[in-house]
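One letter stands for each residue in the lines below.
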Amino acid sequence: MSSTNVSRTAKRISDLVNLKEKGAAVTCKQTFEVIPVDFHHRKSPFQAHVFLCRFYGEIDGEEYSFRKCYARGCPNNLCPHVSQAVMVANRYLKRDYLRLIKAGIEVEERLFTLEDMLIKFDGYQEEHDPTLTINDYINMAREGTEVFVDITLEYVPAVEHFANYQNAQTFLTIDFVVDSLGKKHNFQRCFACYQTDREEEEKSEQVEVANARLRELYKEFDAVSIKYEGKFFK
């Protein structure tokens, strides 16, 4: 797949769906990456494995490619455990597949697998809700449960480790604290990222992508009366 002449019209799953609904011919394939990443988060740096899916294909014959982060996992309490993260990532991925298929876009419904890594954590005792996502709380609110969401936006610098090189990335991360049924649940999602040394060229575009995803999420919150203060990246 050529890295030149890449369509800038598709940066999100929603873009593919919208273009298909407007009559464009859209093809979609995906590749998975589970990358070790050093996060420099506030005063607590940590290493996590980030679950990424790169979607690529053609829109009316023009190539596109974009990357989406589905979860991150680590063997400490600074983010969900790896064994949780693979399940969370697959739940979000299945939701995107459903959106693509409903729009008439053919896609092979492959999922993240992490058997070799999970063996390393054999015996891990689950202490938290393993697969709760923001969509679970949306469904709970739809059924009448009161849900309050506190939202914090962060630019988190990190270094991705590949086989033969390292890549500095800045992740646009949302920290959610959900208060419902007398319990609080804290989790994070990455809504976009850009290459750190290309901040001037890439940041504004990725801020636009992250904010578009936030607007979609806030519409879902409004539809089920979730209480929140809407915030956007600047």
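Look up: the structure comes first, before these words.
Residues numbered from 1 in each chain as written. Predicted model: local features only at pLDDT ≥ 70, side-chain atom pairs only at ≥ 80, totals over all residues. Heavy atoms only, no water.

**Considering the overall build of the chain**
Applied cut-off: Labels follow the DSSP assignment, with helices taken as runs of H or I lasting at least four residues and strands as runs of E lasting at least two, numbered in each case from the N terminus. The contact definition used throughout considers only heavy atoms, calling two residues in contact when any of these lie within 4.5 Å. What sets the accessible areas is the Shrake-Rupley method with a 1.4 Å probe; for residues, cover comes only from the shown protein chains.
From N to C terminus, the chain includes five helices and seven strands. Each helix (α) and strand (β) of the chain, taken in turn from the N terminus, gives the series α-β-β-β-α-α-α-β-β-β-α-β. For the chain, contacts bridging at least 24 residues in sequence account for 60% of all contacts bridging at least 6. Accessible surface, the chain: about 12,700 Å² in total, of which carbon and sulfur atoms supply 47%.

**A closer look at the pairing of strand E1 (residues 29–39)**
Heads up, the condition is: If DSSP finds at least two bridges between two strands, the strands pair.
Where E1 and strand E2 (residues 46–59) come together, eleven bridges link them in antiparallel fashion. Note on E2: the bridge partner recorded for Gln30 is Phe55. In the sheet, E1 pairs with strand E4 (residues 148–161) via three bridges, with the strands oriented antiparallel. Paired with Val37 across the two strands is Glu160, which belongs to E4.

**Notes on the packing of helix H1 (residues 13–21) against helix H2 (residues 82–102)**
What counts here: Axes here mean lines fitted to C-alpha atoms, for a helix over just the part in contact, with angles spanning 0 to 180 degrees between N-to-C directions. Roughly parallel refers to an angle under 35 degrees, roughly antiparallel to one over 145, roughly perpendicular to one between 65 and 115, and oblique to any angle outside these ranges. When residues are sorted by character, Ala, Val, Leu, Ile, Met, Phe, Trp, Tyr, Cys and Pro go into the nonpolar class, Asp, Glu, Lys and Arg into the charged class, and all the rest, Gly among them, into the polar class.
Here H1 crosses H2 at 10°, and the two axes come no closer than 9 Å. The angle between H1 and H2 falls in the class roughly parallel. Residues Ile13, Ser14, Leu16 and Val17 of H1 touch H2, and the partners they reach there are Asp96, Arg99 and Leu100. Looking at the contact of H1 with H2 residue by residue, the classes come out as four nonpolar, one polar and two charged.

**Digging into the pattern of salt bridges**
Close approach of charged atoms lets side chains of opposite charge pair. For clarity, the cut-off: Any Lys or Arg side-chain nitrogen located within 4 Å of an Asp or Glu carboxyl oxygen qualifies as a salt bridge. Exposure classes here rest on a 1.4 Å probe applied to the protein chains alone. A residue is buried below 20% of its type maximum, exposed above 50%, and partly exposed in between.
All chains considered together, the criterion is met by eleven salt bridges. With a shortest N-O distance of 3.3 Å, Arg12 and Asp15 are connected by a salt bridge. The exposure class assigned to Arg12 is buried, which follows from its relative accessible area of 12%. For Glu199, the salt bridge identified is with Lys203, shortest N-O distance 3.8 Å. Placement of the pair is Glu199 and Lys203 together in helix H5 (residues 199–223), with a separation of four residues, close to one helical turn. A relative accessible area of 23% places Lys203 in the partly exposed class. By sharing partners, the salt bridges in this structure join Arg12, Asp15 and Glu216 into a single network.

**A few points about the pairing of strand E3 (residues 62–73)**
Looking along a regular strand, one sees the side chains alternate between the two faces of the sheet. Judged by how many residues are buried, E3 sits mostly within the fold: nine of twelve residues are covered. By the bridge criterion, eleven bridges tie E2 to E3 in an arrangement that is antiparallel. If you follow Cys53 over to E3, its bridge partner there is Lys68. As consecutive antiparallel partners, E2 and E3 are separated by two residues, and within that stretch Asp60 has a phi angle of approximately 50°, a positive value.

**Details of unusual backbone geometry**
Unlike most non-glycine residues, Leu181 shows phi in positive territory, near 55°. Within the fold, Leu181 resides in the loop between strand E5 (166–180) and strand E6 (183–195). One non-glycine residue, Ser225, lies in the positive phi region at around 65°. Of note, Ser225 is situated in the loop between H5 and strand E7 (227–228).

Shape descriptors only; they carry no functional weight alone.
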